[in-house]
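Summary of the model geometry
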Amino acid sequence: MKNLVSILAFCLLVIACKTEEKKAPLDGYLIEGNAPGIYNGIRVYLQSADERNKKINRDTAIVMNEKFVFEGKIDNPEIWYLTVNSVNGSSAFIIENDYYTINLDKDKVDNTVIKGPKANTALKAYFADIKELSNRRTKLLGQMRTAGDASLREDVNEDIVTLNIEQSKIPFKHIEHNKDNVASLIFINNELNSKEADIDKLAGALDNLNSDIKSSNLGTKLTMRIEQVKKIKAAEGATQIGSMAPQFSAPTPDGKQLSLKQAMGKVTVIDFWAAWCGPCRRENPNVVRVYNKYHSKGLEIIGVSLDGSGRQKDPKNAWIKAIEQDKLTWHQVSNLSYFNDPVARAYNIKSIPATYILDETGKIVAKNLRGAALEAKIAELLN
């Protein structure tokens, strides 16, 4: 009898172990959800957010008998959002290739309990700090609206400034406390999306993470992204008004190299355009008129074409044809490599048309002027 009990106990242990093994997929995620009070057929969604914070469906499950299941695989950890048809709110969590349980709140998804890898504990603590700070900000803004005298408003404004400083420190606080946690990579990635991101500080924070986190697929991608952002920031700094224009050399339509230095006059316009760019082509008659009017007084233009789009069958021919059609008689250069053109990258060109106006020393004195504003600046510099 004792042997039988032992055998049964052993079998139960094996079954339990096999069940746990099933709940820990090696190469994907498994999410088992409980949905008490939710009707059969209601859809549950996993969503991510794009650069504009628009939600994108990544996975869908259907509630049956108050339960639902998600199975899938992702390349890198991300913040995803759980939403449910006919239920208000959403719940954010870090998705990894791991096992999760979800206890859904039928009245408000925000109150849902999600259990999974430790990254979500770090995310919960981060959100708690953000919420506490948000509550303080709301209170201060209320005080600002009801403040009766200027001195009180000034005091409240100083408190808001202090609050903004605190907010900028929150991500770094949680990165420092989670050096062995992929949540830190998520925090760094989010900060990189901010225009005010402190790139050097983020690079240092990434470098201080544990080696296995830093060398992960996402960690490696963030290292490369930080390097890209550094280059962009450097280009932005190099092309501010008052800076000396970055020097460059590029091929002309006949294949010869022409440098900016060779093309410069008393006033020089660097004109980024392309044959495929409708707004550029519509602006060209104005540029032609300005050039014809002021060239004899010292105006030079060097057009930098961003032709080379994959949609163009023969980008060089399209470029040359556009020059002839639009009667562009000034200097023209292009590497025919679209927005990957080295000159465009040196000037951090994100869209065209784009213009830089230089004085005779090569200093940038204005940029992105079109129409009457372009002629007015040229006239100011040459008349």
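Structural data are supplied above this passage.
Only a predicted model underlies this, so the values are computations on that prediction, with no experimental measurement involved.

1. Structural notes on the state of the cysteines
Tallying each qualifying case throughout the model produces 1 disulfide. The residue that forms a disulfide with C277 is C280, at a sulfur-sulfur distance of 2.3 Å. Where C277 bonds to C280 through sulfur, the torsion about that S-S bond is close to 75°, and the disulfide is right-handed.

2. Focus: the sheet that holds strand β2 (residues 43–49)
Pairing in this open sheet of 4 strands is antiparallel, and the strands run β3-β2-β5-β6 from one edge to the other. Of all strands in the sheet, those with a lone pairing partner are β3 (55–62) and β6 (87–95), marking the two edges. Mean inter-strand twist for the sheet, computed between neighbouring axes without regard to direction, equals 25°. In this sheet, β6 lies alongside strand β5 (residues 78–84) in antiparallel orientation, the contact comprising 6 bridges. Of the residues in β6, the one forming a bridge with L82 is S91. Where helix α2 (residues 119–146) meets the sheet, it contacts β5 and β6, and its direction lies at approximately 125° from that of β6.

3. Examining unusual backbone geometry
Across the junction of I352 and P353, the peptide omega takes the value 5°, indicating a cis bond. Inspection of the secondary structure puts P353 in the loop between α11 (342–346) and β14 (354–358). Notably, S86 is not glycine yet its phi reads approximately 70°, a positive angle. Along the polypeptide, S86 turns up in the loop between β5 and β6. The phi dihedral of N348 falls on the positive side, at around 55°, and the residue is not glycine. For N348, a relative accessible area of 16% puts it in the buried group.

4. Examining the layout of surface pockets
The gaps of empty space that remain are located by a probe, the size of a water molecule, rolled over the atoms. Counted as a void, the largest pocket has a volume near 1000 Å³. Every residue lining the largest pocket is counted, 32 residues in all, and those nearest its centre are A49, I186, N189, N190 and N193. Elements represented by at least two residues in the lining of the largest pocket include exactly β2, β3, β5, α2, α3 (150–177), α4 (183–192) and α7 (217–238). Among the elements that take part in the lining of the largest pocket, α3 stands out by supplying 5 residues, more than any other. Roughly 690 Å³ of volume is contained in the second largest pocket. At the level of elements, β6, β8 (113–115) and α2 are the ones that each hand at least two residues to the lining of the second largest pocket. Counting residues per element, the lining of the second largest pocket draws most heavily on α2, at 8 residues.

Scoring rules and cut-offs
Residues numbered from 1 in each chain as written. Predicted model: local features only at pLDDT ≥ 70, side-chain atom pairs only at ≥ 80, totals over all residues. Heavy atoms only, no water. Disulfide = S-S within 2.5 Å. Pairing = 2+ DSSP bridges. Helix = DSSP H or I, 4+ residues; strand = E, 2+ residues; numbered from the N terminus. Axes fitted to C-alpha atoms, helices over the stretch in contact; angles between N-to-C directions. Contact = heavy atoms within 4.5 Å. Buried < 20%, exposed > 50% of the residue type's maximum accessible area, 1.4 Å probe, protein only. 1 Å grid on protein atoms, 1.4 Å probe; cavity = no way out; pocket = protein on both sides within 12 Å on 5 of 7 lines; lining within 4 Å. Points joined across faces, edges and corners; volume = space filled by probe spheres on them.

Fair warning: the whole summary comes from geometry, so function is off the table for now.
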